[in-house]
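# Residue-level structure breakdown
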Amino acid sequence: MKDHEHHNHPKSDEHEQGSKHHHDHETNHHDHNHMDKGNHDHHHGHDHSHMIDDFKKRFYISLIVTIPILILSPMIQSFLGVDWRFEGDMYLLFVLSTFIFFYGGMPFLKGSLDELKQKNPGMMTLIALAIVVAYVYSSLTVFGLSGNNFFWELATLIDIMLLGHWIEMRSVMGASNALEELVKMMPSEAHLVDENGDITDISIEELTQGNRVLVKPGEKIPVDGKIVKGQSTIDESMLTGESVPVEKEVDDEVIGGAINGEGSLIVSVVKTGEESYLSQVVTMVKEAQESKSKTQDLSNRAAKWLFYIALAAGLITLIVWLLLGYSFNYALERMVTVMVIACPHALGLAAPLVVARSTALAAKRGLLIRNRTSFEEARKLQSVVFDKTGTLTEGKFGITDIQLEQGFEENEVLLLAGSLEMQSEHPIARGIVEDVKERGISFQSPETFESLTGKGLQGKVNDKEVKVVSPGYVNEKQISYDQDVFEQLSSQGKTVVFVIVNEKLAGMIALADKIRESAKQAITDLNDLQVQSMMLTGDNKQVAHWVANQLGLDDVFAEVLPHEKADKIKEIKQKGLKVAMTGDGVNDAPALANADLGIAIGAGTDVAMETADVVLVKSNPNDVVSILSLSKATYRKMIQNLWWAAGYNIVTIPLAAGILAPIGIVLSPAVGAVLMSLSTVIVAINARLLKG
C-alpha cells in the first residue's frame, strides 16, 4: 500500500554496482592456496579445510618419522656423545629420509614450481631449495661421497615448515565465494504469463526480451524489466544501497534480485543473462579479482631475498674453497651447509605464529580477516571511504525532528500518529512506530482506519479524527503550515509527514535514515590518525551532505551510480592514496574488490562479505580504527620476528661458509642446530607477546 508519497525523498537510482578488492588471490597464506591445486583462484571453504587437514596429517606423520631419523644421524649421536651405529644404518636413514622428503616435502616442491612459473620466488622456493640440496647431497654421502649427511636438517626443516603452514592456514580460514553468492541472489524460476493470461513456471534461462512475468508479493524479481501492470514498494537496498524501499508503478524499471513488497506485479523482460544488472556486477567483481596485485606478504618477501642470498652465498663458497685449493668434496660440503642453513627454520614460524595471534585477537574484537596481505598493508592506509546506507547510517528510518503546532503535546501527537501507523507496513510507518515504542509510549487501537492511496492514513483514535499524510495532501487541502521549517527539513533530504487532529494541523514529523552513534567516534579517531574519511553514496546530494556535516567528513561523493563506485575508488587510488572501502551491499562489491582494503559490514549482504578482505562482525564503523591499529602492531611484531629468524642466518651463513676458517673456527652443523632451535623458541615467545 502506498501510504505516503514521499515526494521530497528523491529516488536515487543508486543502482550501485558494488564493491571491492584486488583479492590477492594469491591470498597469501604463503601461497598455500596453490600448493595443492593448480587453479588457486577460487578454491572454496571445503577445499580450504581439506588442505588444512592435509597439512596437519603430513605434519604428524613426518614428525613421527623424524624421531628415528634423529636417532640414526651420526651428527646428532656425536653431539649427544653416544654411538648407536650398526650395519646398514645409513641405508635405513636414507629410506626414512626419502619418505619424509617426498611425503612431507611435496607441498613445498609443488608450491615452488608454481612460484617459479610466476617468476616470483618466495617461501616455497626457499624451502624447496634447502630440502632438495640437503636430500641430494646427503643421499650421495650414503652412496660413496665423502662428507656428513644432513638428513636430520631435512626432516626438522620439513616438520617446522609444515607446522607453520598448518598454524597459519588454520587461523586464516576463508575462501572467496563472491561469485557464487552473487549468482545465488537470482531466483532460478519465473512465473511466465502468456497471451491468454495463463501462468507457467519456467527457468530464468528460457526467458527472452518482451516476455511477461508475474511477481507475487514478497518474491524476488527474476529479471531486469519494466512494470506493465500493478504497483508495489520494492526493496532494492541490497542491490543499490538505497535505504528507502522504492515506490514503483506502471512503466517504472525493476532490477532482478530486488525484493517485491506487498503488491502483485506483471513485469515485461528488458534484460536477460549477461546484460542484467547482477551479471554486470559479477563481471566487475571478477575483473577486480583477476587484476589482483602481485604483492606478497612480508615473510614471503623476506624468503625471496633469502633465496637469492642462499644461492649466491652457496656458489661463492664453492668457488672460493676450490680456488683456495681444497678438494671438491670439502668445498661441496661447505656449499651445502651454507644453502641448508640459509633456510631458517624460525622463518617458517616467524610469520605464522604472529598471524595466528593477530587473527585470534582480531576475532575477539569482531574482525574477521579474510585476506592477510591486504590486512598487513592496512597500516599504510591514507583514506577510508564509507558507503552511507547501513554503514554510517543504520539503514532504517527514525524520527529526527518534531515540529508541533500550538496547543499540542509531543507525546500526544506521537501516540495518535503511532497508533495509526501501527496498521501499516510502510517503511516510514515502521520508522515512526519503532521510535514511538522506544520512547515508552503505548499505542491505542484505532476505532476506524483507512488508507488514503498515495496520500497517507486516516482513522479514529481516542475519539479523535487523526490523519497522517504527505505534503501533497496538505497542499491539496490548502492547510497552512510553516513553509520555512518544511523547506529546511526537506533540504536535508528528510521525509516529512503531517499529523492532522480533528481537521487541525498538530505538527510535522521529519524522518531520515539514522546516523550510527559509533560512526561519529570512528571519524574522529581516523582524523586523529591523519587518515582522510570520505563517503560514497548513490543517495541524493542533500541527504549525503546532511550526513557528512553531522559527521565531519573530509569528502563526499553523492548520486554515484553503482557501476561508478568502483571507478571512484580507482580515481582516489590514482591520486596516490592508499584507500580502504567500507560497505555492505551488492552495489559495493566491485568497489570493495578494487580498494586496497575492502571492509564489509557484518549485517550486509553475503556478496559484500565474500568480496571483502576484512568483515566487521559487529557492524561498528569504529572497528575500522581497530583494523588500522592491529595491522600496525602485527607488522611491528612480524618485523621483529623476521629479524630474530633471519638474524640467526645473517650470523651463521658466513660462519658456515668458513669466513673464520683461517683462525680455526668453522661452524659445525651441530652448533648450527642449537642456534637454530634457539632462534625458533625466541620467535615463538615473541609472537605470543603481540597485544595489538
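Residues numbered from 1 in each chain as written. Predicted model: local features only at pLDDT ≥ 70, side-chain atom pairs only at ≥ 80, totals over all residues. Heavy atoms only, no water.

## Notes on the nonpolar core
Leu154 and Ile627 are the most contacted members of the largest nonpolar core, which totals 115 residues. The leading source of residues in this core is helix α24 (residues 623-657), at 14 residues. One finds Val413, Leu416, Leu457 and Val468 within the second-largest nonpolar core, a separate group that totals 23 residues. (Core = buried A, V, L, I, M, F, W, Y, C linked by side-chain atoms within 4.5 Å. Buried < 20%, exposed > 50% of the residue type's maximum accessible area, 1.4 Å probe, protein only. Helix = DSSP H or I, 4+ residues; strand = E, 2+ residues; numbered from the N terminus.)

## Notes on the sheet that holds strand β16 (residues 495-501)
The pairing of strands in a sheet happens through backbone hydrogen bonds and is either parallel or antiparallel. What the 6 strands build is an open sheet, ordered β12-β17-β16-β15-β14-β13; its pairing is antiparallel. The open sheet has two edge strands, β12 (393-404) and β13 (448-452), and neither has a second partner. Strand-to-strand twist of the sheet, defined as the mean angle between neighbouring strand axes without regard to direction, takes the value 20°. Sheet topology note: the β13/strand β14 (residues 456-461) ladder contains 5 bridges and is antiparallel. Residue Glu450 lies in a different strand from β14, and its bridge partner there is Gln458. Along the sheet, helix α18 (residues 483-491) contacts β12, β16 and β17 (504-515); its crossing angle with β16, the most-contacted strand, is approximately 145°. (Pairing = 2+ DSSP bridges. Axes fitted to C-alpha atoms, helices over the stretch in contact; angles between N-to-C directions. Contact = heavy atoms within 4.5 Å.)

## Overview of the UniProt feature "transmembrane region" (unreviewed entry) in the protein
Those places that UniProt annotates as "transmembrane region" (unreviewed entry) correspond, in this numbering, to residues 59-79, 91-109, 121-138, 150-167, 305-324, 336-356, 642-665 and 671-690. Annotation note: span residues 336-356, helix share 86%, strand share 0%, distance between end C-alpha atoms 33 Å. In this annotation, residues 642-665 is assigned 67% helix and 0% strand; the end-to-end C-alpha distance for the span is 27 Å. (UniProt positions renumbered as here; feature names shortened; annotations may be inferred.)

## A look at the environment of Asn686
Its location among the elements puts Asn686 in helix α25 (residues 669-688). For the pair Asn686 and Asn641, spaced 45 residues apart in sequence, the C-alpha separation works out to 7.0 Å. A polar contact is formed between the side chain of Asn686 and the side chain of Gln640, at a distance of 3.3 Å. (Polar contact = N/O pair within 3.5 Å; in protein donor to acceptor, adjacent residues only side chain to side chain.)

## Looking at the pattern of salt bridges
Under the criterion given, the structure shown has 17 salt bridges. For Lys565, the salt bridge goes to Asp387, with nearest N and O atoms at 3.0 Å. Of the two residues, Lys565 sits in helix α21 (residues 562-574) while Asp387 sits in strand β11 (residues 383-387), which places them 178 residues apart along the sequence. Comparing Lys565 with Asp387, the two get one shared label, buried. In this structure, Glu503 engages Lys467 in a salt bridge whose closest nitrogen and oxygen atoms are separated by 2.9 Å. Remark: Lys467 occurs in strand β15 (residues 464-469) and Glu503 occurs in the loop between β16 and β17; sequence separation between them is 36 residues. Members of the salt-bridge network, linked through shared partners, are Glu377, Lys380 and Lys578. (Salt bridge = Lys/Arg side-chain N within 4 Å of Asp/Glu carboxyl O.)

## Let's talk about a nonpolar patch on the surface
A contiguous nonpolar patch, built from Ile67, Ile71, Phe79, Leu80, Val82, Trp84 and Val674 and spanning about 650 Å² of accessible area, is present on the exposed surface. Counting only elements with at least two residues in the nonpolar patch, the list comes to α1 (45-72) and α2 (74-80). Residue placement: Val82 occurs in the loop between α2 and α3 (89-103). Judged by its relative accessible area of 31%, Val82 falls in the partly exposed class. (Patch = residues over 30% accessible without salt bridge, like charges linked within 9 Å, V, L, I, M, F, W, Y side chains within 5 Å. Areas by Shrake-Rupley, 256 points an atom, 1.4 Å probe, with all protein chains shown as cover.)

## Regarding the sheet that holds strand β18 (residues 532-536)
Pairing in this open sheet of 7 strands is mixed, and the strands run β10-β22-β21-β20-β11-β18-β19 from one edge to the other. With one partner strand each, in any of the chains shown, β10 (367-369) and β19 (555-557) form the two edges of the open sheet. When the angles between neighbouring strand axes are averaged without regard to direction, this sheet yields 20°. Two strands pair when backbone bridges link them, and β11 and strand β20 (residues 579-583) are joined in this way by 4 bridges, in the parallel orientation. The partner of Phe386 across the bridge, within β20, is Thr582.

## Here's the deal with the packing of helix α4 (residues 106-117) against helix α5 (residues 123-142)
Helix packing geometry: the angle between the two helix axes and the distance between the axes. Where α4 contacts α5, the two axes come as close as 8 Å, and the packing angle between them is 125°. By the criterion of interaxial angle, the relationship of α4 to α5 is oblique. When the axes of α4 and α5 are compared, the crossing they make is left-handed. Contacts from Pro107, Phe108, Leu109, Gly111, Ser112, Glu115 and Leu116 of α4 reach α5 at Met123, Met124, Thr125, Ile127, Ala128, Ile131 and Val132. (Parallel < 35°, antiparallel > 145°, perpendicular 65-115°, else oblique. Left-handed = near helix turned anticlockwise from the far one by under 90°.)

## Observations regarding helix α15 (residues 410-421)
Working note: α-helix, 3.6 residues per turn, so residues spaced by three or four point in the same direction. Over its 12 residues, α15 extends 16 Å from the first C-alpha to the last, a length consistent with the 16 Å expected when each residue adds 1.5 Å. Counting buried positions over the 12 residues of α15 gives 9, a clear majority of the element. Of all the positions in α15, only Val413, Leu414, Leu415, Leu416, Ala417, Gly418, Ser419, Leu420 and Glu421 are classed as buried. (Expected span 1.5 Å × (residues − 1).)

## Side note on the packing of helix α10 (residues 298-323) against α24
Viewed as axis vectors pointing N to C, α10 and α24 meet at an angle of 5°, and their least axial separation amounts to 11 Å. As the angle between them shows, α10 and α24 are arranged roughly parallel. Together, Leu298, Ser299, Ala302, Ile309, Ala313, Thr317 and Trp321 of α10 and Tyr635, Met638, Ile639, Leu642, Ile653 and Ala657 of α24 make up the contact between the two elements.

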